[in-house]
Amino acid sequence: MQRSAIIHKTAADLPVPPNLADYAATCADFSWDAARAELAGLPGGGLNIAHEAVERHVQGPLRDRTAFRFLGEASVRDLSFGELSQLTSRFANVLQTLGVRRGERVFVLTGRIPELYIAVLGGLKAGCVVSPLFSAFGPEPIATRLNIGEGAVLVTTDLLYERKVAKLRDRLPTLRHVLLVGDDNEGDEGGSEHAVTDIAGTHDLATLMAQAADHFDTAATQPEDLALLHFTSGTTGTPKGAMHVHGAVVTHWATGRYALDLHPDDVFWCTADPGWVTGTSYGIIAPLLHGVTSIVDVAEFDAERWYRILQQQRVTIWYTAPTAIRMLMKAGPELARGFSFPRLRFVASVGEPLNPEAVWWGQEVLGKPIHDNWWQTETGGIMIANLPALDIKPGSMGRPLPGVQAAIVRQREGGGVEVVDAPDEEGELALRRGWPSMLRGYLNNEERYRKCFAGDWYLTGDLARRDADGYYWFVGRSDDVIKSAGHLIGPFEVESALMEHPAVAEAGVIGKPDDMVGEVVKAFVSLKQGVEPSEALRKELLGHARKKLGAAVAPKEIDFLPVLPRTRSGKIMRRLLKARELGLPEGDTSTLEAGA
Ligand code: ATP
Ligand code: MG
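None of these values were measured; they are calculated from a predicted model. (Residues numbered from 1 in each chain as written. Chains lettered and ligands numbered in written order. Predicted model: local features only at pLDDT ≥ 70, side-chain atom pairs only at ≥ 80, totals over all residues. Heavy atoms only, no water.)

Looking now at the side chain of Thr-88. Examined against the element boundaries, Thr-88 turns out to sit in helix α4 (residues 81-97). Ignoring sequence-local partners within four residues, the contact set of Thr-88 consists of Glu-55, Ile-118, Leu-121, Gly-122 and Lys-125. (Helix = DSSP H or I, 4+ residues; strand = E, 2+ residues; numbered from the N terminus. Contact = heavy atoms within 4.5 Å.)

Now the structure itself:
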């Protein structure tokens, strides 16, 4: 296939008319107040995420539509909007019976089983503040998060409890109730009605659910009431707990509409775990807001399984991450050829820079290019995106969503920041404060929160540039940018160039301190299946990079690694590559993926 700098698209080429066909007109007409008016609001006033996601649908024709389809290892379980309403009401009643009050914190630590989704939405319905944790966390990261989030309730499985929490229980002073889900059927049935054998100091969730009424009047929360706590990925340091409010639902709705182009008859698959913000904002909330059926796979990544899910479940919109795409690329094109995806109409990715190579891989293997989008735990929802009806410039994150004002800013001497208006200038990516899902604070870290703002601007900590067409290009995290012989080098550019070489599956680039030039560029590379590291290949890659990037930017050193250290949400941990290279302490590794 001929690869060009731009993948041209128009609304007329798309199989379904997009929700956003004219970017300028939609942005000009958009207001957050108008978006809010598309939602129902609570009967007596106020706003609650669970009401918008579930309750308001069940009076109408959506009641019997599948909200979630849970794919176990060997079986499938569907939950309709109507069932979800009843089950979340039961859960809210369970909390009330236990004396859990509005505003108290409910943590959920399970695999992607129905109880997770029920507890998140039921907790919100009850007016509690919910924090889903990734179930692969070890005991210490769980305890730290429960303590700084002041968890009053923990929903988990009997196995996870016994392995990870029971021993630490006396170090969790705020935790009053532990609700256990039986593990017997996890994975197969996607949850269990089995009673948990008596475990001291815990309740059996299924028993309490069975005793609870299936109606609950949603708590009368206000838009500024806290709803969700999400911990950042820990890519650059200790994870921060970002606090989000019920008003964030307006962003979830608008971005589900414009950035993911959700239509009522879509089958949507967000591959992220709800332990990360993507898996909650888009794995739970946004599709429900639009009355869309979501696929949930209880299993972990497996290339063949994922292709099969896309095909068999007739997924129409797929939201995944660069790391998954790179793993599919690594598995080779032959595997993909055994499947076809005629229903797939839109593919998007978030979490890390998406190398142009990966955008094209989508076009060639899935039949659809991959649409990169950018956001953070702190922003609560998608802020910058490649939209279905707009041209893609592979390597770019796209353009700000309607209602989002982005800018490139620089520190001003004497304090504050100034906006850089000229195109193609590098600086810090900033967002004008005030979008509904902006974080309202970091848990226990007011000072760090305050540092996120300069006047009207929220500072993202990412470096980027904007081109003359208004597309944003990621340069690197400010912590990762390399200063070499007077140049500022973004690792993404170097990694993308390396990935264009057919032997390379993944690359992570760091600056290594050097007396002469400040830092030299060093790359760590993992190779595609079937390719062996060798001295000759190292030389070839160094030459390839020099040809693409020029001598000033190309890496001077390349090491081969079987896999790169990654966070559990799939981000390359450059700080760890650097610490290991320099023999320094590794710092907080609570989110590091096992085996890396
Ligand atoms: P921590 O803040 O703890 O270091 P983190 O920043 O990785 O972790 P997240 O909030 O999960 O935690 O990730 C947001 C960050 O991920 C962004 O600030 C950005 O650096 C990166 N990111 C997300 N999407 C993209 C994208 N499309 N292109 C480039 N980078 C992205
Ligand atoms: Mg961050």
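More follows now that the structure is in view.
This part covers the environment of Asp-29. Structurally, the position occupied by Asp-29 is in helix α1 (residues 23-29). On the accessibility criterion, Asp-29 (67% relative accessible area) is exposed. A C-alpha to C-alpha distance of 47 Å links Asp-29 and Val-181, two positions 152 residues apart in sequence. (Buried < 20%, exposed > 50% of the residue type's maximum accessible area, 1.4 Å probe, protein only.)

Another aspect to go through is the domain arrangement of the chain. Here the domain parsing of the chain yields domain 1 (43-462) and domain 2 (482-582). Listed as interface residues are 22 residues of domain 1 and, on the opposing side, 22 residues of domain 2. Summed over both sides, the interface between domain 1 and domain 2 buries roughly 2,000 Å², with carbon and sulfur atoms accounting for 54% of that surface. Together, Thr-235, Arg-326 and Lys-330 form the three largest contributors to the area buried by domain 1 at its contact with domain 2, with a combined 29%. Counting every contact that joins domain 1 to domain 2 gives one salt bridge. Residues Glu-506 and Arg-326 are paired through a salt bridge, measuring 3.1 Å at the closest nitrogen-oxygen approach. The interface formed by domain 1 and domain 2 includes eight residue pairs in polar contact (both at pLDDT 80 or more). (Domains from an automatic or database assignment. Buried area = accessible area lost by both parts, 1.4 Å probe. Salt bridge = Lys/Arg side-chain N within 4 Å of Asp/Glu carboxyl O. Polar contact = N/O pair within 3.5 Å; in protein donor to acceptor, adjacent residues only side chain to side chain.)

Taken as a whole, this structure holds 21 aromatic pairs when the rule is applied. Plain terms: the ring middles of Tyr-282 and Tyr-319 are 5.7 Å apart, the flat faces sit at 85° to each other, and that makes the pair edge-to-face. Here Tyr-319 lies in strand β12 (residues 317-320) and Tyr-282 lies in helix α10 (residues 277-289), a separation of 37 residues in the sequence. A relative accessible area of 0% places Tyr-282 in the buried class. Judged by relative accessible area, Tyr-319 falls into the buried class, the value being 1%. Ring centres of Tyr-442 and Tyr-449 lie 6.5 Å apart, and the angle between their planes is 85°; this geometry places the pair in the edge-to-face category. On the basis of relative accessible area, Tyr-449 is assigned to the buried category, the value being 13%. Chaining the aromatic ring pairs together yields one cluster made of Trp-435, Tyr-442, Tyr-449, Phe-453 and Tyr-458. Sitting above the plane of the Phe-231 ring, Arg-145 keeps its charged end 5.3 Å from the centroid. Cation over ring: Arg-433 sits above Phe-453, and NZ or CZ is 4.3 Å from the ring centre. (Phe/Tyr/Trp six-rings, centres within 6.5 Å; stacked < 30°, edge-to-face > 60°. Lys NZ or Arg CZ within 6 Å of the ring centre and 35° of its normal.)

Our focus in this paragraph is the packing of helix α9 (residues 249-258) against α10. Two numbers describe how α9 lies on α10: the axes approach to 9 Å, and their chain directions differ by 75°. The pairing of α9 with α10 is recorded here as roughly perpendicular in orientation. Where α9 abuts α10, its residues Val-249, His-252, Trp-253, Thr-255 and Gly-256 lie against Ser-281, Tyr-282, Ile-285, Ala-286 and Leu-289. Looking at the contact of α9 with α10 residue by residue, the class counts come to six nonpolar, four polar and no charged. (Axes fitted to C-alpha atoms, helices over the stretch in contact; angles between N-to-C directions. Parallel < 35°, antiparallel > 145°, perpendicular 65-115°, else oblique. Nonpolar A, V, L, I, M, F, W, Y, C, P; charged D, E, K, R; others polar.)

Our focus in this paragraph is the site of ligand 1. Residues in close proximity to ligand 1 total 22 residues, the closest being Thr-232, Thr-235, Thr-236, Asn-373 and Thr-377. Contacts to ligand 1 include Ser-233, whose side-chain N or O atom sits 2.7 Å from an oxygen atom. For ligand 1, whose unbound accessible area comes to 620 Å², protein coverage reaches 95%. Broken down by element, the residue count for the shell around ligand 1 peaks at three residues, all from strand β14 (residues 370-374). By residue class, the composition of the shell around ligand 1 is six nonpolar, nine polar and seven charged. (Near = heavy atom within 4 Å. Areas by Shrake-Rupley, 256 points an atom, 1.4 Å probe, with all protein chains shown as cover.)

Further remarks concern the nonpolar core. In terms of nonpolar packing, the biggest core is built from 105 residues, with Phe-68, Val-155, Leu-288 and Tyr-319 touching the most fellow members. Excluding residues within four positions of it along the chain, Phe-68 makes contact with Arg-77, Asp-78, Leu-79, Leu-84, Tyr-117, Leu-121, Gly-283, Ile-284, Leu-288, Ser-294 and Val-296. Within the second largest apolar cluster, 52 residues are counted, among which are Leu-71, Trp-318, Ile-325 and Leu-527. (Core = buried A, V, L, I, M, F, W, Y, C linked by side-chain atoms within 4.5 Å.)

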